[in-house]
There are 2 protein chains.
Amino acid sequence: MFSRIAIIGAGHIGASITRATAEALPDVQVALYDQSPDVRARAKEIGLGVIVDAPEEAVRDADLVILAVPVGAMGPAAQGIADAMKPGAVLSDVGSVKASVVAAVKPRADAFFVPGHPLAGTEQSGPDAGLAHLFHNRWMIVTPLNDPRPEYQEAVAALSAFWRALGARVEVMDAARHDVVLAVVSHLPHLIAYNIVAMAEDLEAVTESEVVKYSASGFRDFTRIAASDPIMWRDVFLNNREAVLEMLGFFTEGLTELQRAIRLGDGAKLQEIFTRARRVRREVIEAGQDSPAPNWGREN
Amino acid sequence: MFSRIAIIGAGHIGASITRATAEALPDVQVALYDQSPDVRARAKEIGLGVIVDAPEEAVRDADLVILAVPVGAMGPAAQGIADAMKPGAVLSDVGSVKASVVAAVKPRADAFFVPGHPLAGTEQSGPDAGLAHLFHNRWMIVTPLNDPRPEYQEAVAALSAFWRALGARVEVMDAARHDVVLAVVSHLPHLIAYNIVAMAEDLEAVTESEVVKYSASGFRDFTRIAASDPIMWRDVFLNNREAVLEMLGFFTEGLTELQRAIRLGDGAKLQEIFTRARRVRREVIEAGQDSPAPNWGREN
C-alpha cells in the first residue's frame, strides 16, 4: 500500500490519522508537519510521532501525502509541497468540502491527486484531540478526479485500502454530490448550532448565566456541536456557499411553517411534523448511526 | 414530609418519579394512575408499583398529588380528581410551561397547589422509560402561587424537600420568568431540532436514506432531541406561544445575519460568531452542565 506517509496539519484530524496509523499499520512511517510552531512543539511533547519543521522534509520520501488543514488553506498547502514531493506519489486531503478543494489544489503533473473526506471528528481541536479510533466504522468519502492515467485507479484503490485499514468504510462519490449531501447532514446542523448558541449573549430577557445554568434542558446539546473549530467551519461555509444557502432556504421555510402553526394554535400541524421527526430518529438508530441509549447513555 | 403520594400519568416523568421515590423514600406509598388502559397494563407488567384503575382511587388518601400529563391535559386532570382528593393535600405538577398550567388548574379551596417543573427527561417516552436516577443533580423549579394561607409556605417547603430527596436541586422562580427562560434553553432548541429533522424527507437533491446514512456528521444529534414525545411538545408550543415566538425572532435574525455573511463571503464575521459560541460551551462545562468528553464519550 504505502510505506511512508506525510501529513500536513497536526490538528484533530491529522493527529487522529497519525494515531490510527500507528495502531493499525505500525510498519508505516508517518511524518507530521504543522505550520504553527506551537502546534509542532505540543505534538512533540505528547509523543505524536515524527514531527518535522518544514513541509518539504515531511513529503520528500512519502508515497502518500495527506493535507489535513482547513479547506481554505488546501491550495497554498498543496503549492508549498509540490516541488518537494516524491515523483508519482499520491496526494490526498480530508477537507469537508470537495469541489472547492479540487479547484484550489494544483498537484504536480506526475502526482495522483485523490480528494477525500472522512466523516469523523469530535468537537475538540488540536494535536491533543488525536484519537486512534476516530475512523472506526465511519464513512470515508473519496471523490476521484477524471484522471485518465491507468495508475490513477490504482492510487484510488491504495488510498481506499489505507482508510479501510484505519477502520473506515469507503464510499466513492462525485465531488458536487458530496458537497450537497454534506450541506444537509453536517454543514447546516453546525450553522444552526452556532447560531442558537451565539444568540445566548444577545438576549435581553434572559441572562447568559441563566442560559448556562439551565442548559441541560436541550441547549447544551447545541453547545457541543458549536464548540468545533471556528476557522475550519468558517472555511466550510465560505467554500460550500451555494449548497448551504439552498439548504438554509429549506430550513427557513420549515421554521416559518412551524412559527405560523404556533401563532395560529394549530396543534394538529405541530403534532404531525413532530411525529415525522421521531420516525427519522428510528431510522438513524436502525442504520447503526447512533446509540439508542437515552441521552447517549449519560446519566444527566 | 409525605407518607402517601399519587401520580397522575405513568409516562416517562411519572414513571421516573415512581422509581426515584421507591429508591430514595422506600417508606412512602405511591399510587399511580394513567388514563390509557394500555399504559396501565404495561406499568403493571414491568412492576412499576401500585397501579390503580381510577384517578379517584389514586388520590383518595394521598398527601401529595403530582400531575404528570402533557401541559394541555393538566386542567382536565386536576378537575377529574378535585372532589376525591384528601382535604388539605398538596397538589403539584411537572409541566414544562407554568403560567398556562397555573391558569388551567383549579384546585379545590382546601388544597395547596404548588406548581413545579423538574428540568429532567430524556428523548424516550412511556412507563418503560422510568429512570430512578433521572432527577439526580437536576434542577427542580418551583413556581409558588401568591397564596396567603400560612400553611402554603409549609406546602412549598414539603414539596421542595420531597424533590431534594429524589436528588434534585430546587429553585424558586416566578411562573412567567420560568416560561421565558425555558423558551430559550429548551423549547426553542427542540423546535429547531424538530424542524431540521422533519426537513429531511422534503429535500429533492438528497434522499432521506442518504441523510440517515451519513447522519453521524452532525444531523443525528438533532434526531435525538427530535425523538421526544410529539404530544407533550405540541402542548408546550401551544401553551408558551409568546415567549417561543419572541425567541424564534432572535434566532431568525441571527440566522439571517449568518446567511448574509455566507452569501457575501464575510469570513471575519463568521469566525467571530463561531468563536463566541465556543466560549459558551466552555461555560456550560465549567458549570457542570455537560461532560467535557468528546462526543459525550461515545466512540463514534
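Residues numbered from 1 in each chain as written. Chains lettered and ligands numbered in written order. Predicted model: local features only at pLDDT ≥ 70, side-chain atom pairs only at ≥ 80, totals over all residues. Heavy atoms only, no water.

*Asks:* I would appreciate a short explanation of the relation of the copies chain B and chain A in the present structure.
*Replies:* Put simply, the two copies of the chain differ by a rotation about an axis and a shift along that axis. Note on the identical chains: chain B maps onto chain A by a rotation of 180° and an axial translation of 0.0 Å, with an RMSD of 0.0 Å. Classification of the inter-copy transformation places it as that of a two-fold axis. Closest to the rotation axis within chain B is the C-alpha of Trp296 of chain B, separated from it by 3.6 Å. When the interface residues of chain B are mapped onto chain A, 100% of them again fall at the interface, so both copies present the same face. (Least-squares fit on C-alpha atoms with pLDDT ≥ 70 in both. Contact = heavy atoms within 4.5 Å.)

*Asks:* Would you mind showing me how to read helix 12 (residues 267-286) of chain A here?
*Replies:* Along an α-helix, residues three or four positions apart point the same way, because every turn accommodates 3.6 residues. Here helix 12 of chain A spans 29 Å end to end across 20 residues, near enough to the 28 Å set by a 1.5 Å rise per residue. Of all the positions in helix 12 of chain A, only Gly267, Leu270, Ile273, Phe274, Arg276, Ala277, Val280, Arg281 and Val284 of chain A are classed as buried. Where helix 12 of chain A is buried, its residues touch helix 11 (241-264) of chain A together with helix 7 (175-199), helix 8 (208-213), helix 9 (219-225) and helix 10 (230-239) of chain B. Just beyond helix 12 of chain A, the residue with positive phi is Gly288 of chain A, at close to 70°. (Helix = DSSP H or I, 4+ residues; strand = E, 2+ residues; numbered from the N terminus. Expected span 1.5 Å × (residues − 1). Buried < 20%, exposed > 50% of the residue type's maximum accessible area, 1.4 Å probe, protein only.)

*Asks:* Mind showing me how you'd approach the environment of Asp202 of chain B here?
*Replies:* Here Asp202 of chain B lies in the loop between helix 7 and helix 8. For the pair Asp202 of chain B and Pro107 of chain B, spaced 95 residues apart in sequence, the C-alpha separation works out to 45 Å. The residues touching Asp202 of chain B, leaving out its near neighbours within four places in the chain, are Phe250 and Arg276 of chain A. Side chain to side chain, Asp202 of chain B and Arg276 of chain A meet in a polar contact 3.5 Å long. (Polar contact = N/O pair within 3.5 Å; in protein donor to acceptor, adjacent residues only side chain to side chain.)

*Asks:* Got a minute to help me understand the sheet that holds strand 3 (residues 50-51) of chain A in this structure?
*Replies:* Strands in a sheet are paired, the pairing made by backbone hydrogen bonds, and the direction either parallel or antiparallel. Residue and element names in this part refer to chain A. In spatial order, the strands read 3-2-1-4-5-6; together these 6 strands make up an open sheet with parallel pairing. Edge positions in the sheet fall to strand 3 and strand 6 (112-114), since each has one partner strand and no second. By the bridge criterion, 4 bridges tie strand 4 (residues 64-67) to strand 5 (residues 90-93) in an arrangement that is parallel. In the sheet register, Ile66 faces strand 5, and the bridge partner there is Ser92. Seen against the sheet, helix 4 (residues 74-82) touches strand 1 (4-8), strand 4 and strand 5 and runs at an angle of roughly 150° to strand 4. (Pairing = 2+ DSSP bridges. Axes fitted to C-alpha atoms, helices over the stretch in contact; angles between N-to-C directions.)

*Asks:* What exactly am I supposed to notice about the interface of chain B and chain A here?
*Replies:* Where interface size is quoted, it is often the accessible area lost as the parts come together. The partner chain A presents 108 residues to the 108 residues of chain B that form the contact. In this assembly, chain B packs against chain A so that about 10400 Å² is buried in total across both faces, 64% of it on carbon and sulfur atoms. Three residues stand out in chain B for area buried against chain A, namely Tyr214, Phe274 and Trp296 of chain B, and they jointly supply 7% of the buried area on that side. For the pair chain B and chain A, the interface holds 16 salt bridges. A salt bridge links Arg177 of chain B to Glu210 of chain A; the shortest N-O distance between them is 2.6 Å. Summed over the shared surface of chain B and chain A, the result is 52 residue pairs in polar contact (both at pLDDT 80 or more). Contributing elements (two or more residues each) for the side of chain B that touches chain A: strand 8 (139-142), helix 7, helix 8, helix 9, helix 10, helix 11 (241-264) and helix 12 (267-286) of chain B. If you tally residues by element for the side of chain B that touches chain A, the top one is helix 7 of chain B, at 18 residues. (Buried area = accessible area lost by both parts, 1.4 Å probe. Salt bridge = Lys/Arg side-chain N within 4 Å of Asp/Glu carboxyl O.)

*Asks:* Sorry if this is basic, but what is going on with the packing of helix 12 of chain A against helix 7 of chain B here?
*Replies:* Each pair of packed helices gets described by two things: the angle between the helix axes and the distance between those axes. Helix 7 of chain B packs onto helix 12 of chain A with a crossing angle of 70° between their chain directions and a minimal axis gap of 8 Å. The angle between helix 12 of chain A and helix 7 of chain B places the two elements in the roughly perpendicular class. For the pair helix 12 of chain A and helix 7 of chain B, the sense of crossing is left-handed. Contacts from Ile273, Phe274, Arg276, Ala277 and Val280 of chain A of helix 12 of chain A reach helix 7 of chain B at Leu191, Tyr194, Val197 and Ala198 of chain B. Here the contact of helix 12 of chain A with helix 7 of chain B is composed, by residue class, of 8 nonpolar, no polar and 1 charged. (Parallel < 35°, antiparallel > 145°, perpendicular 65-115°, else oblique. Left-handed = near helix turned anticlockwise from the far one by under 90°. Nonpolar A, V, L, I, M, F, W, Y, C, P; charged D, E, K, R; others polar.)

*Asks:* Would you take a moment to explain the nonpolar core for this structure?
*Replies:* Buried together is how nonpolar side chains tend to be arranged in soluble globular proteins. In terms of nonpolar packing, the biggest core is built from 143 residues, with Val65, Leu67 and Phe251 of chain A together with Val65, Leu67 and Phe251 of chain B touching the most fellow members. Those residues in contact with Val65 of chain B, other than ones at most four positions away along the chain, are Ala6, Ile8, Val59, Ile81, Met85, Val90, Leu91 and Ser92 of chain B. (Core = buried A, V, L, I, M, F, W, Y, C linked by side-chain atoms within 4.5 Å.)

*Asks:* Whenever I open this one, the confidence of the model for chain A confuses me. Can you help?
*Replies:* In low-pLDDT regions, the fine details of the predicted coordinates are not to be read closely. On average, residues of chain A score 96 in pLDDT, and 99% of them reach the 70 mark or higher. Reported for the predicted complex are a pTM of 0.95 and an ipTM of 0.94. (pLDDT = per-residue confidence, 0-100.)

*Asks:* What should I look at first to understand helix 10 (residues 230-239) of chain A in this one?
*Replies:* What helix 10 of chain A keeps buried is the set Pro230, Trp233, Asp235, Val236 and Phe237 of chain A. On its buried face, helix 10 of chain A is in contact with helix 7 (175-199) and helix 11 of chain A together with helix 11 and helix 12 of chain B.

*Asks:* Would you mind going over the sheet that holds strand 8 (residues 139-142) of chain A with me for this structure?
*Replies:* Residues and elements named next belong to chain A. A sheet is described by the order of its strands in space; here 3 strands give the open sequence 7-8-9, paired in mixed fashion. With partners counted over all chains shown, the strands left at the sheet margins are strand 7 (116-118) and strand 9 (169-172), one partner each. Adjacent strand axes in the sheet meet at a mean angle of 20° when their direction is disregarded. Taken together, the 3 bridges between strand 7 and strand 8 define a ladder with antiparallel strand orientation. Paired with Gly116 across the bridge in strand 8 is Val142. Packed onto the sheet, helix 6 (residues 150-165) meets strand 7, strand 8 and strand 9 and runs at close to 170° relative to strand 8.

*Asks:* Would you mind showing me how to read the pairing of strand 4 (residues 64-67) of chain B here?
*Replies:* The two faces of the sheet receive side chains in turn, since in a regular strand these alternate between them. All names here are of chain B. Of the two faces of strand 4, the one holding Leu64 and Ile66 and the one holding Val65 and Leu67 are both buried throughout. The pairing of strand 1 (residues 4-8) with strand 4 spans 4 bridges and is classified as parallel. Looking across to strand 4, one finds that Ile8 is bridged to Leu67. One crossover worth recording links strand 4 to the parallel strand 5 (residues 90-93) by way of helix 4 (residues 74-82), and it is right-handed. (Right-handed = clockwise from strand over helix to strand, strands pointing away.)

*Asks:* When you look at the domain arrangement of chain A in this model, what are you seeing that I'm missing?
*Replies:* Residue and element names in this part refer to chain A. Its domain assignment divides chain A into domain 1 (4-174) and domain 2 (176-291). Inter-centroid distance (C-alpha atoms) of domain 1 to domain 2 is 30 Å. Taken residue by residue, the interface counts 20 residues in domain 1 and 17 residues in domain 2. Interface of domain 1 and domain 2: buried area, both sides summed, is about 1500 Å²; carbon and sulfur atoms make up 58% of it. Applying the counting criterion to the domain 1 and domain 2 interface returns 1 salt bridge. Where Glu123 meets Arg224, a salt bridge forms, and the shortest distance between an N and an O atom there is 2.7 Å. The tally of links between domain 1 and domain 2 comes to 10 residue pairs in polar contact (both at pLDDT 80 or more). For the side of domain 1 that touches domain 2, the secondary-structure elements that each account for two or more residues are helix 5 (99-104) and strand 8. (Domains from an automatic or database assignment.)

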